[in-house]
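Overview (structure and organization)
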Amino acid sequence: MASTDKREIKMINGTVLLMKKTPLDLGSSQLLAPHETYEILGHKVILQLVSSVHGDQGKTLKGELGNPSHLRDENKSGSESKFCVIFEWDHEVLGAPGAFIIKNLNTSEFYLKSLTLEASDPSQDTVQFVCNSWVYPAEKYKSDRIFFVNQAWLPSETPAALRVYREEELLLLRGNGTGKLQEWDRVYDYDCYNDLGDPDNGPLYARPVLGGSVEYPYPRRGRTGRPPSKADPNSESRLPQIASFAIYVPRDEKFSPLKMTDVLSNSQKAIAQVFAPQLASLGNLSLNEFNSFDDVLKVYEPGTPGFLKYPTPHVIREEKSAWMSDEEFGRETLAGLNPVCITGLKEFPLTSKLDPKTFGDQTSKITREQIQNQLDGMTIEQAMEVNRLFMLNYHDIVMPYARKVNTSHSKIYASRTVLFLQKDGTLKPLAIELSLPHPDGDQLGAISKVFTPAENGVEGALWQIAKAFVAINDSGVHQLLSHWLRTHASVEPFVIAANRQLSVLHPVYKLLHPHFRDTMHINALARQAVLNAGGIVEKTVFPGPLSMELTSIAYRDWVFPDQALPAELVKRGVAVEDPSSKHGVRLLIEDYPYAVDGLEIWSAIKSWVQEYICLYYKSDDMLQVDTELQAWWKELREVGHGDKKDEPWWPKMQTRQELIDSVTIIIWMASALHAAVNFGQYPYGGFAPNRPGMSRRLIPEPGTPEYEELKVNPVKGYLKTITPQFQTLIGISALEVLSTHTSDEIYLGQRDSAEWTKDKEALQAFERFGKKLAEIEENITKMNNDKKWKNRTGPVKMPYTLLYPTSEPGLTAKGIPNSISI
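The model shown is predicted, which means the values in this text are computed figures rather than measured ones. (Residues numbered from 1 in each chain as written. Predicted model: local features only at pLDDT ≥ 70, side-chain atom pairs only at ≥ 80, totals over all residues. Heavy atoms only, no water.)

1. Thoughts on the overall build of the chain
- Along the backbone of the chain there are 24 helices and 19 strands.
- Rg of the C-alpha trace for the chain: 29 Å, near the compact-globule value of 28 Å for 822 residues, within the 12% margin.
- C-alpha atoms of the chain, sized along the principal axes, occupy 105 × 60 × 50 Å.
- Residue burial in the chain is summarised as follows: out of 822 residues, 60% are buried.
- Counted over contacts in the chain with a minimum sequence separation of 6, partners at least 24 positions apart contribute 73%.
- Of the roughly 32600 Å² of accessible surface on the chain, a fraction of 53% belongs to carbon and sulfur atoms. (Helix = DSSP H or I, 4+ residues; strand = E, 2+ residues; numbered from the N terminus. Rg over C-alpha atoms; globule rule 2.2 N^0.38 Å. Buried < 20%, exposed > 50% of the residue type's maximum accessible area, 1.4 Å probe, protein only. Contact = heavy atoms within 4.5 Å. Areas by Shrake-Rupley, 256 points an atom, 1.4 Å probe, with all protein chains shown as cover.)

Set out below in structure tokens:
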């Protein structure tokens, strides 16, 4: 020790909990053989405590180090090991420890969960270090690994002896912006989406770079540093699919071994289901066709004997055919897997924002006569005035791509759907307009067909197919925009910027960190095997190879403050601002399950964030001089969402209210919004006729053989129009994996460690947050059981639970994980 007096040497007893690498850990590109084990030798792990009070005598004033100690007396339990460690430490001279340095001289990494220091006398508290990080052999690191005490400090309030350590750790996490990043690196850096295409595999696999240009703006993703492709220096080379799990993300962002095991198991099951020889047990069906809805049902439990079966999707568990009803069609716009696109209808006829110089006249062809007699005696103007008319409008987003898509095997229409809010609170579709570009040129406008409700004959069959084309558009917009762009892609820059600019000691980092868990890893895997050229998304949603380009075009309209749920509802015209209402807005559709539950969750999050932020920032001035917070927000705007850096709507981050509002939005996007648009994918979309992803043909014209077949066998005509069998199985296999909670999931209102902070006021506020969420759960259950609310269960008798905060593992159609973790 540095102290040279004759004091009696004092000891602190500590407990170290770590987890060894297992054969199932795919954090490494080196997959272990099943028989291979690594022994962690305690004497090869060196720990030194760092004083938070007493600085060294040099210019740095770094906290003084205690003598080195080693791990000893290992106690094994499964994959975990508990070690004892004894430190020489004199509190009177060195004060309280504020950090510790660890060196791993073993040949393998281990996962360090925690270090707990026992109180050496009654006047002292137990000191907790929650680590949850991989520690690689020291030869891999360019500097020592340091872990800080479980305390939150603003930069200006950090003990002087820890400030340099705090700053040095952030420098390491930022890296130097060059070179290929290795599996043991902990570097957080930015890049454009230049790794979706595979130009070395031929021109068909080339894709534009998203981000960094006016033409294709995009949020940034985590940099891997892989070299450029040979065919295109602007595109990054790709890993082979077999090595997908070796894609770089900072080591602590990778899935835990337990989660990796779950994901692998679910993925292998899904692959087996698609390619299993038992497909032949479907009888005499070809692999390209379902002949009836009964044939579709055979792939689910209990299904055909001997066939590898899929779980029965929730939407057909109680009623096998209720999904076809108009009421269920309307209900799913409010309580389905994409309840974020319905908008208020404020003009008639519907107009377009597409440039008429390029696209001609795109005004809707839905006539007054087609809907007037379905409005309970009101005129269209009267129905709009009392907020009874709504729409699903996918016309402008699809029309620019319709001609390109329709030259491929996939067929699509631009669609507009008008819906009427009935007195019982349900939505009735009144008319569906399906439009194609003029065959003689885009500038000549659209060629449109309008369909109105019909139950029987060929008109009934055409109405069902028209609804299917709306569902195809809705499925594509859901997957690409509501799900991927608005949650996964938009949140990743917040993750990167926070780790680069906010110390683990920063209170805002401690608040946000649980909501970033696994996001970079799932996004990296998505780029590698789902969103890539020729990947699952291009095979299963209507834009095909144009899918990711479409998300870039949509990002042009992304506005950060509008991601707040109340603002988003008002912007869509389904709510109005109302200070007298509970959440500051009044819903225009009272029985809107997503919005009703969402506003409760939103308000609970905001109350928790406000309590927490005000514990650390007593004034706006404190926030303005917080160097880390200001650096985080500046980098997030100028780099992470750099293509939007000049937008006037960014919060200036000069007041506590701006911070509270911004953090609430981030947590909302990462938790509840993602849950609402993710975990219903299989429950609703696992039955493909309810949520087809693509179409193979346009609507049959009168006088054609296809039209005559529709008269004779409308179900077969419907199934011949939507996604074929093999692509259907690929799609629902993917949806099953994406909709399944892993066994290590951590839900909103929960933390992975009860000791995530030592600040008692913060822990008490968090406990209140958890109790509020429990009350919301009870209320959701009560509403689902109240027959007054028809949209909460609908004709399919499927309760709306996608915003029910907690869940068990598995395919549950409920549960709000803290983060975008699947």
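2. Structural notes on the sheet that holds strand 5 (residues 72-77)
- Within the open sheet, the five strands sit side by side as 5-6-1-8-9. Their pairing is antiparallel. Both edges of this open sheet fall to strand 5 and strand 9 (127-135), since each of them pairs with a single strand only. Pairs of neighbouring strands in the sheet enclose a mean axial angle of 20°, with direction left out of account.
- Across nine bridges, the pairing between strand 1 (residues 11-20) and strand 6 (residues 80-88) is antiparallel. Residue pairing for strand 6: glycine 14 is matched across the bridge by valine 85. (Pairing = 2+ DSSP bridges. Axes fitted to C-alpha atoms, helices over the stretch in contact; angles between N-to-C directions.)

3. Looking at the packing of aromatic side chains
- Evaluated as defined, the whole model comprises 34 aromatic pairs.
- With a centroid separation of 6.3 Å and an interplanar angle of 80°, the aromatic rings of tryptophan 608 and tryptophan 756 are classed as edge-to-face. Taken together, the positions of tryptophan 608 in helix 16 (residues 593-616) and tryptophan 756 in the loop between helix 23 (725-738) and helix 24 (760-784) put the pair 148 residues apart, joining distant regions of the chain. Accessibility classification places tryptophan 608 together with tryptophan 756 in one group, the buried group.
- Following the ring pairs from residue to residue traces out a cluster consisting of Tyr193, Tyr218, Trp484, Phe494, Tyr555, Trp558, Phe560, Trp632, Trp633, Trp649 and Trp650.
- Taking the ring centre of tryptophan 134 as reference, the NZ or CZ of arginine 251 above it sits at 4.2 Å.
- Stacked on the ring of phenylalanine 766, the Lys or Arg arginine 751 has its end atom at 5.4 Å from the ring centre. (Phe/Tyr/Trp six-rings, centres within 6.5 Å; stacked < 30°, edge-to-face > 60°. Lys NZ or Arg CZ within 6 Å of the ring centre and 35° of its normal.)

4. Some points on helix 18 (residues 627-640)
- Over its 14 residues, helix 18 runs 18 Å from end to end, which matches the ideal 20 Å to within 8%, given 1.5 Å per residue.
- All of the buried residues along helix 18 are Glu628, Leu629, Gln630, Trp632, Trp633, Glu635, Leu636, Arg637 and Gly640.
- Contact partners of the buried residues in helix 18: helix 2 (160-174), strand 11 (190-191), helix 10 (457-501), helix 11 (507-512), helix 17 (620-624) and helix 19 (656-678).
- The opening residue of helix 18, the one whose side-chain oxygen lies 3.2 Å from the backbone nitrogen of glutamate 628, is aspartate 626. (Expected span 1.5 Å × (residues − 1). Polar contact = N/O pair within 3.5 Å; in protein donor to acceptor, adjacent residues only side chain to side chain.)

5. Considerations on the pattern of salt bridges
- Throughout the structure, instances matching the rule amount to 44 salt bridges.
- Between glutamate 328 and arginine 331 there is a salt bridge; the shortest N-O distance is 2.9 Å. Note that glutamate 328 and arginine 331 are positioned in helix 5 (residues 326-335) at a spacing of three residues, about one turn of the helix. Arginine 331 matches glutamate 328 in its accessibility class, with the two residues each being buried. (Salt bridge = Lys/Arg side-chain N within 4 Å of Asp/Glu carboxyl O.)

6. Details of the sheet that holds strand 17 (residues 446-451)
- Strands sit in the order 13-14-15-16-17 across an open sheet of five strands; the sheet is antiparallel. On the outer flanks of this sheet lie strand 13 (343-344) and strand 17, each paired with one strand and no other.
- Looking at chain direction, strand 16 (residues 427-437) and strand 17 are connected through six bridges and run antiparallel. Residue isoleucine 432 lies in a different strand from strand 17, and its bridge partner there is phenylalanine 451.
- Along the sheet, helix 5 makes contact with strand 14 (389-393), strand 15 (414-421) and strand 16, crossing strand 16 at roughly 80°.
- Helix 10 rests against strand 14, strand 15, strand 16 and strand 17 of the sheet, and its axis sits at about 75° to strand 16.

7. Remarks on the nonpolar core
- The biggest cluster of nonpolar side chains holds 177 residues, and the ones touching the most others in it are Val508, Phe560, Tyr594, Trp632 and Leu659.
- Ranked by the residues each element gives to this core, the list is headed by helix 10, at 22 residues.
- Beyond its immediate sequence surroundings of up to four residues, tyrosine 594 is in contact with Leu334, Pro339, Val340, Leu565, Arg572, Trp668, Leu673, Ala676, Tyr800 and Leu803.
- Counting 34 residues, the second largest nonpolar core, distinct from the first, contains Val45, Val85, Phe110 and Leu505. (Core = buried A, V, L, I, M, F, W, Y, C linked by side-chain atoms within 4.5 Å.)

8. As for unusual backbone geometry
- Along the chain, phenylalanine 348 connects to proline 349 via a cis peptide bond; the corresponding omega equals 0°.
- One can find proline 349 in the loop between strand 13 and helix 6 (356-359).
- Backbone geometry at aspartate 518 places phi at a positive 70°, although glycine is not the residue there.
- Within the secondary structure layout, aspartate 518 lies in the loop between helix 11 and helix 12 (519-529).

9. Looking at the side chain of serine 410
- Within the secondary structure, serine 410 sits in the loop between helix 9 (395-405) and strand 15.
- Residues contacting serine 410, with those up to four places away along its chain left out, are Val405, Phe542, Met694 and Ser695.

10. Points about helix 23
- Compared with the 20 Å implied by 1.5 Å per residue over 14 residues, the 20 Å span of helix 23 between its first and last C-alpha is a close match.
- Every buried residue belonging to helix 23 is among Gln725, Thr728, Leu729, Ile730, Gly731, Ile732, Ser733, Ala734, Leu735, Glu736 and Val737, and all of these are buried.

11. Considering the packing of helix 16 against helix 19
- As a packed pair, helix 16 and helix 19 sit with axes 9 Å apart at the nearest point and diverge in direction by 140°. In terms of axis orientation, helix 16 runs oblique to helix 19. Note that helix 16 runs across helix 19; the crossing there is right-handed.
- Across the contact of helix 16 with helix 19, the residue classes break down as 16 nonpolar, five polar and three charged. (Parallel < 35°, antiparallel > 145°, perpendicular 65-115°, else oblique. Left-handed = near helix turned anticlockwise from the far one by under 90°. Nonpolar A, V, L, I, M, F, W, Y, C, P; charged D, E, K, R; others polar.)

12. Considering the side chain of arginine 186
- Summarising the element assignment, arginine 186 is placed in the loop between helix 2 and strand 11.
- Classification of arginine 186 as buried rests on a relative accessible area of 15%.
- Among the polar contacts made by the side chain of arginine 186, one reaches the side chain of glutamate 169 at a distance of 2.7 Å.
- Dropping the residues within four chain positions of it, arginine 186 is found in contact with Tyr141, Arg145, Glu169, Leu173, Tyr248, Pro250 and Asp252.

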